[in-house]
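Breakdown of the fold
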Amino acid sequence: MNIIKAAYCRTFQQAMHAAIPLLPYRKPTILDNMQELAAMLKNKEVKNVLLVTDKDIRAHGLTLELEEALKKAGINCVIFDKTVPNPTTDIIEECAAAYLENKCEAFIGFGGGSSMDCAKAAAVRIARPNTPFIKMKGILKVLKKLPLIIAIPTTAGTGSEVTVAAIVTDSETRHKYQISDFPLIPRYAVLDPKITVSLPKHLTATTGMDALTHAVEAYIGRSLVKSSKRDARHAVRIIFENIREAYNNPTNLHARRKMLHASYLAGSAFTTSYVGYVHCVAHSLGGKYNTPHGLANAVLLPFVLEEYGKSAYEKLHQLACVIGISDIHDSHEVGAKKFIEAVKQMKRDLNVPDTIDGIKEEDIPELAKTAEKEGNPIYPVPKLMTAKELEKFYYQILSK
Ligand SMILES: [Zn+2]
């Protein structure tokens, strides 16, 4: 990257870092189960809620306990189950229309990142009915109080229950982008391990590695603060200790609870300290080909960490110490390489592939440009890269 652009990126990131203590970060109140949620809503005298989810989740019966609890509390639950992976602006508009039509007073995003993001973005639409989504792309552009948002993650991965962001995909252009502002942080999150038990194994693997990516990218970036440092380290340790158990013994509620907690901590870390190029590349693939977000991150993570090279050695060495595979007697380089190897081993143990099907070679320059635009200048990555340099990652994961 040329020196002027690099200086611009780093100055922008330093200003953002300096502003962190001044920004209104908050964490959602955690509820343990559906009954607590129903009681809270009743207490607030909420009469109608919009449950935003997808057809698969409903078909698995995951929302039944909540529906029952709401019914018992005398709260009308309107169901919007049209969420799709990588929710589009059209679906979000439809979701907001359902909210208005049914005079709802709260959004409940129930599912993976897509359902929670759909609910968050639809809440933005309610607060800003006349502003096109694309005009709110980026950070701090919503600037309005949103309706009450409750998030119920069914995967231990995206961390959307605690983040400032909703990821949306333009229905026409397939451009995938973030809308990030403090009112998007849900007020409440229900972390109930029971509803993650029926998650298919491959999703336990990839969404869990998405959470790992959040923690690692936040940790190795230059915008770490005390709280995100603590949360990221804690998340990394919990994930290494529990992801294999959650994958191999899906009904182990202890491991499931731990993974939900880790996902929450990792979400908390990256909402303060950002992600990095793993996410930029993953988002470009999600926008273009609908590649599942967790899968893309899980596949990419070690490749990007290797490419950061010595700029990330010290932090990765620290993470290797956190998970107990290195100590201060190792050099930073040795410790970092041990950590990257541990991530690769995790991929093998969870049957995560090293390639992604469907990427077309001729699309790569455009995909890399999209990724570069997302990352620079906002993400305080350890080593800045240009679009040309980011192209390497697409070739590394291209199916032969
Ligand atoms: Zn992610």
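Conventions we followed
- Residues numbered from 1 in each chain as written.
- Predicted model: local features only at pLDDT ≥ 70, side-chain atom pairs only at ≥ 80, totals over all residues.
- Helix = DSSP H or I, 4+ residues; strand = E, 2+ residues; numbered from the N terminus.
- Buried ≥ 20, exposed ≤ 12 C-beta atoms within 10 Å, placed from the backbone.
- Contact = placed C-beta atoms within 7 Å.
- Core = buried A, V, L, I, M, F, W, Y, C linked by C-beta atoms within 7 Å.
- Domains from an automatic or database assignment.
- Nonpolar A, V, L, I, M, F, W, Y, C, P; charged D, E, K, R; others polar.
- Pairing = 2+ DSSP bridges.
- Axes fitted to C-alpha atoms, helices over the stretch in contact; angles between N-to-C directions.
- Expected span 1.5 Å × (residues − 1).
- Arc of directions from axis to C-beta.
- Parallel < 35°, antiparallel > 145°, perpendicular 65-115°, else oblique.
- Left-handed = near helix turned anticlockwise from the far one by under 90°.

1. Notes on the overall build of the protein
Counting secondary structure elements, the protein contains 15 helices and nine strands. Along the first, second and third principal axes, the C-alpha set of the protein runs to 60 × 45 × 45 Å. Burial analysis of the protein (400 residues in total) assigns 52% to the buried set. Sequence-distant contacts in the protein: of pairs separated by 6 or more residues, those separated by 24 or more amount to 78%.

2. Let's talk about the nonpolar core
Within the largest apolar cluster, 125 residues are counted, with the highest numbers of intra-cluster contacts made by Val 52, Phe 107, Ile 108, Ala 122, Ala 215 and Ala 235. Among the domains, domain 1 (3-20 + 199-396) and domain 2 (32-196) are the pair contributing at least three residues each to this core. In this structure, Ala 215 is in contact with Ala 232, Ala 235, Val 236, Ala 266 and Ala 269, ignoring residues within four places of it in sequence.

3. Focus on the domain arrangement of the protein
The domain boundaries assigned to the protein delineate domain 1 (3-20 + 199-396) and domain 2 (32-196). Between the C-alpha centres of domain 1 and domain 2 the distance comes to 25 Å. Contact residues are listed per partner, giving 29 residues for domain 1 and 24 residues for domain 2. Secondary structure elements with two or more residues in the side of domain 1 that touches domain 2: α7 (201-220), α9 (253-273), α10 (277-289) and α11 (293-308). The dominant element in the side of domain 1 that touches domain 2, judged by the number of residues it contributes, is α9, at 14 residues. The residue inventory of the side of domain 1 that touches domain 2, partitioned by class, reads eleven nonpolar, 14 polar and four charged.

4. Side note on the environment of Arg 222
In this structure, Arg 222 sits in the loop between α7 and α8 (226-248). Excluding residues within four positions of it along the chain, Arg 222 makes contact with Gln 13, His 17, Pro 380 and Pro 382.

5. Some points on the sheet that holds strand β8 (residues 176-180)
In sheet architecture, strand pairing relies on hydrogen bonds along the backbone and comes in two forms, parallel and antiparallel. Here we have three strands laid out as an open sheet, ordered β5-β8-β7, and mixed in their pairing. Among the strands making up the open sheet, the edge pair consists of β5 (138-139) and β7 (165-169). Two elements, β5 and β8, share two bridges in a ladder whose sense is parallel. The residue bridging Ile 139 from the neighbouring strand is Ser 180, located in β8.

6. As for the sheet that holds strand β6 (residues 148-153)
As summarised here, the arrangement of the six strands in space is β1-β9-β6-β4-β2-β3, forming an open sheet in which the pairing is parallel. Of all the strands in the sheet, the pair left with one neighbour each is β1 (29-31) and β3 (76-80). On average, adjacent strands in this sheet sit at an angle of 25° to one another, irrespective of strand direction.

7. Comments concerning helix α13 (residues 332-349)
Helix length check: α13 (18 residues) gives 26 Å between terminal C-alpha atoms against 26 Å at 1.5 Å per residue, within 8%. Taken as a whole, α13 has its buried residues at Gly 335, Ala 336, Phe 339, Ile 340, Val 343 and Met 346. Each buried residue of α13 sits inside an arc of 135° when the element is viewed along its axis, so together they form one side. Facing away from the buried side of α13 by more than 90 degrees, the exposed set consists of Gln 345 and Arg 348. Taken together, the buried residues of α13 touch α8, α11 and α12 (313-322).

8. Things to note about the packing of α11 against α13
At a closest axis distance of 10 Å, the pairing of α11 and α13 adopts a crossing angle of 165°. Considered as vectors, α11 and α13 are oriented roughly antiparallel to each other. As α11 packs across α13, the resulting crossing turns out to be left-handed. The segment α11 lies against α13, with Ala 298, Leu 301, Pro 302, Leu 305 and Glu 306 engaging Ile 340, Val 343, Lys 344 and Lys 347.

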